[in-house]
Amino acid sequence: MLAPEAGSTNSPEPADKTPLVGRNPGLFRKIAGMLSPRHPQASDAGPTYVEFGSFAEQSETRTLGTFAGVFSPVTLSMFSALIFLRIGYIVGNAGLFVTLLQFFIAYLILVFTVSSICAISTNGAVEGGGAYFMISRTLGPEFGGSIGTLFFLANIVSSALCISGCVEGLVENFGPSGYLVKGLIQDGHWWQFLYCVSLNTLNLLVCLIGASMFAKTTVFILAIVCTCLGITFFSFLYEGSLEVPVPDSNTLIQNSTFHAYGNYTGFHAYTLLHNFWPQYGKDYTANGELVTFASVFGVLFSGVTGIMAGANMSGELKNPGKSIPRGTLSAVGFTLIVYVTISLFTAFTCTADLMQNNYLFMAGVSVFPPSVAIGLLTATWSAALSNVIGGSRVLEALAKDNVFGPVLSFIPRGTWKGNPVAAVFVSWVLVQLVLFIGSLNIIAQLNSVLFLLSYLATNLACLGLELASAPNFRPSFKYFTWHTAFLGLIGTLIMMFVINPIYAACSILLCLLLVMFLHLFSPSKKAHWGSISQALIFHQVRKYLLLLDSRKDHVKFWRPQVLLLVNSPRSACPLIDFINDLKKGGLYVLGHVVKEDPNHLGPDPTLDMQLHWLNLIDHLKVKAFVELTVAPSVRDGLRHLARLSGMGAMKPNTVVLGFLDGECQQDFLQSSDSSYHSQDFGNDIFPLNSFSALEPLEYVQMMADVLKMNKNLCLCRNFSKLKKDTRRNWSKKYIDVWPINFLNPGEGDAFDTTSLFMMQLACIVNMVPLWSRLKLRVCICDEAKQTCFSMNSNGQSHVDKLHYLLRKLRIAATLYPVPGWNNVIESHGNHMETVNNLILQQTSDTVVTFIYLPPPPVDEGLAEAYYQKLDVISRNLPPTMFVHGVSTVTSTTL
């Protein structure tokens, strides 16, 4: 169990596997920006290899530029139903001051989040999946998958919101009291639901044709919306005082016999003063519910959540890293100017009664009323379509990443000519379910909370990358700092609860449940994407390691920090498992020496071995590190490991060696009746090595080397016999401690450093829940003989003194007098065999035995005889650990 006697041979990699990045970095960067790998998950594992056959596929799928691919869809999504249908609701209830304040808050959050999006999108190649792809590749599969799922749902809810707004505009313009044509279509709850179903189905048909067709028309749709907005602005400036009728759907202030009107005053300072402060009323589209700051902000924010519409199309963009920042930021700036201007115009010209009771008042004011209807319908319909297309792309990315395993396996198979048909159908069904909610303002709050959560995750991802000081986080977007990410994160978190505390709490809870579910069950958790958690852990561990000062160590807080030297893991599984129980939360290092000339030409043999050792640690479920070294001898390798293992104040204080014996080694990894059985480790990975090349002299020298380094020493033998019972139903009863130096017995053996260290280790094992049902026995000689434990000068026997010591050390052990010690003392010639027989007679019910290890002789000529004595003492015993301590490890003080 010490070390391999022959090193591993490794052939060099074929020349044709050399990563392109190693050959020509400039060429690689140029190619990486152009390619779109067929399998996203493959692009993140290991070196990047370029398939030149994918150029044609890339050119077919990536066809959109900045304006058509990002600016237009983002602008249309941010206008949606808000620009024509809810400005009156917002200004009429919140007043101009609070409206501008809410726009300021909303856009501040948006700008901070956009800076985070720009930072991620300019820090590497962005593939399909948009925000989900960026978050998952930063935060890892579990957190990224959960946020991606909620972001997909946010797009679904947003599509339903825009469809509801579009239907509301249809009814207000063509319903029984329509501004354009009265009675062209019917009104009522189920009629509106039918219209929603029809629009949703129209979106389905367009999506089935393909997103490229929609993308090509976004510029045309944006031109229509901007033209309608221009007509609206002109109408505000042109029209004088007007009476605008209240729609029939508002039954709060009118009925079938009485029809109400609102006043449009034209630009008037008096109107502005009355509209400057909040005047919260009732929402006639939500059964007269009282409007509040939170409900207004929920509706306002839901209208400006489209900042990721361009990022969602990342798979179709020619240059996502360039188009996403430029297109998104310019769209945010443009929409902000439009919203602030139209809010000012509305507050200057319309009374609060008009705005609160007629959300479509612009149609009554416009010099060309159809322009409002056209703008409203095109803006809301295009936003609904943009969201369902974006949502389907996110769902497709989730399925390709295997986040939910076989549940979504049909999504990639249901793709036709790059169009995720199956994902589109799933999105269509979910939008239909959300439409059952009915009220636009209620849907708006849910939509806002879900989008805020995805924005929170985006800011969290960037904040984590910045705080972790990851060297490869070098976004070319220069206006991002950790301050913007932090402010964006805090702002989104606060506003989530301001809008709707119940929705916010439920969405966060759902996100955490998804994180736990994906961590436990998702196949994608093994994906090599790189997780921000690893970078943050590294950052914090380094910081706290620097704070951990070895000069401040105190015996009260001592714990074993173990270096276990392992020859062949196949035969050492029970010992590795046992030391894991012994470490008591301390450092645990598995050391392995490859016996080979370090100057030998060729690759380091430990490079390929590291992964197998880490897999072994996972399989055995032990909390250990691995240290591998190459040395000309096992002794030299042990010196390397003992000196260099660990870091800072976390360095091994105890070295554990397997015993040098010639017993046949058992293969615990291949044996079918072994609890450590696994088919993942073939004989070529961890060969069973012989010990013929290691002589007793070198073995004893290794022991002396450990003690020279002032480290505790343990020798373990017969641990292949250890059968742990995971149900704690042990067939045997005891953990035995023998605090006697069998090579040179003395009265003070039980109270010296080695015995106290041995008792401490036994006590630690007994404290482990699995071992807690066993009884700890301290084996002492027969008191009646008094050959070993005589009375001291104070008349106190050594047994009483040992009782007192165990009580002071809080070690729950019983003293077990062992008969027959005189026979050992009086034996001649076969003294060690007599000791072995004495111990063997007491171990029929013993699980593990701890035996006092005397230091090796200084004279190397006596080394082999010393080793032979240890060999005879421990022969045929149960699992046995020889222990020698060099420092005080117990304390009786507080």
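If you're wondering where the values come from, they're calculated on a predicted model, not measured in any experiment.

Caption draft 1: Seen up close, the overall build of the chain. Helices and strands together make up the secondary structure of the chain, namely 32 helices and 16 strands. Considering the chain as a whole, with its 894 residues, one finds that 56% of them fall into the buried category. Across the chain, contacts joining residues at least 24 apart in sequence account for 81% of those joining residues at least 6 apart. Counting every atom, the chain has about 38500 Å² of accessible surface; 60% of that belongs to carbon and sulfur.

Caption draft 2: Representation of unusual backbone geometry in the model. Even without glycine at this site, Lys621 takes up a positive phi of about 60 degrees. Secondary-structure assignment places Lys621 in the loop between helix 25 (606–620) and strand 9 (625–631). Lys621 sits in the exposed class, given a relative accessible area of 73%. Unlike most non-glycine residues, Asn876 shows phi in positive territory, near 65 degrees.

Caption draft 3: Structural context of the sheet that holds strand 12 (residues 734–738). A sheet is described by the order of its strands in space; here ten strands give the open sequence 9-8-7-10-11-16-15-12-13-14, paired in mixed fashion. What marks the edges here is a single partner per strand, and that holds for strand 9 and strand 14 (813–818). Each strand of the sheet is rotated relative to its neighbour by a mean of 25 degrees, with strand direction disregarded. Note: strand 8 (residues 588–595) against strand 9, seven bridges, orientation parallel. Directly across from Leu590, in strand 9, lies its bridge partner Val626. Each of strand 7 (562–565), strand 8, strand 9 and strand 10 (654–658) touches helix 26 (residues 634–644); the most contacted strand, strand 9, lies at about 140 degrees to it.

Caption draft 4: Molecular detail of helix 22 (residues 501–521). Between the first and last C-alpha of helix 22 there are 30 Å, a value that for 21 residues agrees with the 30 Å anticipated at 1.5 Å per step. Listing the buried residues of helix 22 in full gives Ala504, Ser507, Cys511, Leu514, Val515 and Leu518. Seen end-on, helix 22 carries its buried residues on one side only, within an arc spanning 105 degrees. Opposite its buried face, helix 22 presents the exposed residues Ile502, Leu509, Leu520 and Phe521, each directed more than 90 degrees away. Here helix 22 starts with a cap whose side-chain oxygen sits 3.1 Å from the backbone nitrogen of Ile502, and that cap is Asn500.

Caption draft 5: Molecular detail of a nonpolar patch on the surface. Taken together, the side chains of Leu467, Trp482, Phe486, Leu487, Ile490, Ile494 and Leu536 define a hydrophobic patch exposed on the protein surface, amounting to about 590 Å² of accessible area. By residue number, the principal contributor to the nonpolar patch is helix 21 (residues 482–499), which donates five residues. Assignment of secondary structure puts Ile494 in helix 21.

Caption draft 6: View of the confidence of the model for the chain. Looking at the chain, the pLDDT average stands at 83 and 87% of residues meet or exceed 70. Long-range and interchain partners of residues 3–58, a stretch whose pLDDT sits below 50, account for 75 contacts in this model, where long-range means more than four residues apart. Note on residues 783–789: pLDDT under 50 across the span, and 14 contacts to partners over four residues away in sequence or across chains.

Caption draft 7: Broad picture of the pairing of strand 9. Among the seven residues in strand 9, five count as buried, and that is most of the element. Remark: the strand 8/helix 25/strand 9 crossover connection has right-handed handedness.

Caption draft 8: Representation of the packing of helix 8 (residues 141–174) against helix 9 (residues 189–209) within the structure. Contact geometry of helix 8 with helix 9 gives a least axis separation of 9 Å together with a crossing angle of 125 degrees. The angle between the axes of helix 8 and helix 9 places the two elements in the oblique class. In this structure, helix 8 meets helix 9 at a crossing whose hand is right-handed. Packed against helix 8, whose contacting residues are Ser159, Ile163, Ser164, Cys166, Val167, Leu170 and Val171, the element helix 9 presents Gln192, Tyr195, Cys196, Leu199, Asn200 and Asn203 at the interface.

Caption draft 9: Structural view of the pattern of salt bridges. This model, assessed by the stated rule, comprises 13 salt bridges. As a salt-bridge pair, Asp661 and Arg717 come within 3.5 Å of each other at their nearest N and O atoms. With Asp661 in the loop between strand 10 and helix 27 (696–708) and Arg717 in strand 11 (residues 712–717), the pair connects residues that are 56 residues apart, well separated along the chain. Exposure remark for Asp661: the relative accessible area of 18% places this residue in the buried category. Here Arg717 and Asp871 are joined by a salt bridge, their closest N and O atoms 2.8 Å apart. Here Arg717, found in strand 11, pairs with Asp871, found in helix 32 (residues 863–873); they are 154 residues apart in sequence, far enough to count as distant. Like Asp871, Arg717 is buried. Ionic contacts of the salt-bridge type, sharing partners, join the residues Arg635, Asp636, Arg639 and Asp705 into one network.

Caption draft 10: Summary view of the side chain of Asn275. You can see Asn275 is positioned in the loop between helix 11 (269–274) and strand 3 (282–283). On the basis of relative accessible area, Asn275 is assigned to the buried category, the value being 2%. Polar side-chain contacts of Asn275 include one of 3.0 Å to the backbone oxygen of Ala347. Aside from chain neighbours lying at most four places away, what touches Asn275 is Gly95, Leu96, Thr346, Ala347, Cys350, Thr351, Ala352 and Met355.

What counts and how
- Residues numbered from 1 in each chain as written.
- Predicted model: local features only at pLDDT ≥ 70, side-chain atom pairs only at ≥ 80, totals over all residues.
- Heavy atoms only, no water.
- Helix = DSSP H or I, 4+ residues; strand = E, 2+ residues; numbered from the N terminus.
- Buried < 20%, exposed > 50% of the residue type's maximum accessible area, 1.4 Å probe, protein only.
- Contact = heavy atoms within 4.5 Å.
- Areas by Shrake-Rupley, 256 points an atom, 1.4 Å probe, with all protein chains shown as cover.
- Pairing = 2+ DSSP bridges.
- Axes fitted to C-alpha atoms, helices over the stretch in contact; angles between N-to-C directions.
- Expected span 1.5 Å × (residues − 1).
- Arc of directions from axis to C-beta.
- Polar contact = N/O pair within 3.5 Å; in protein donor to acceptor, adjacent residues only side chain to side chain.
- Patch = residues over 30% accessible without salt bridge, like charges linked within 9 Å, V, L, I, M, F, W, Y side chains within 5 Å.
- Salt bridge = Lys/Arg side-chain N within 4 Å of Asp/Glu carboxyl O.
- pLDDT = per-residue confidence, 0-100.
- Right-handed = clockwise from strand over helix to strand, strands pointing away.
- Parallel < 35°, antiparallel > 145°, perpendicular 65-115°, else oblique.
- Left-handed = near helix turned anticlockwise from the far one by under 90°.

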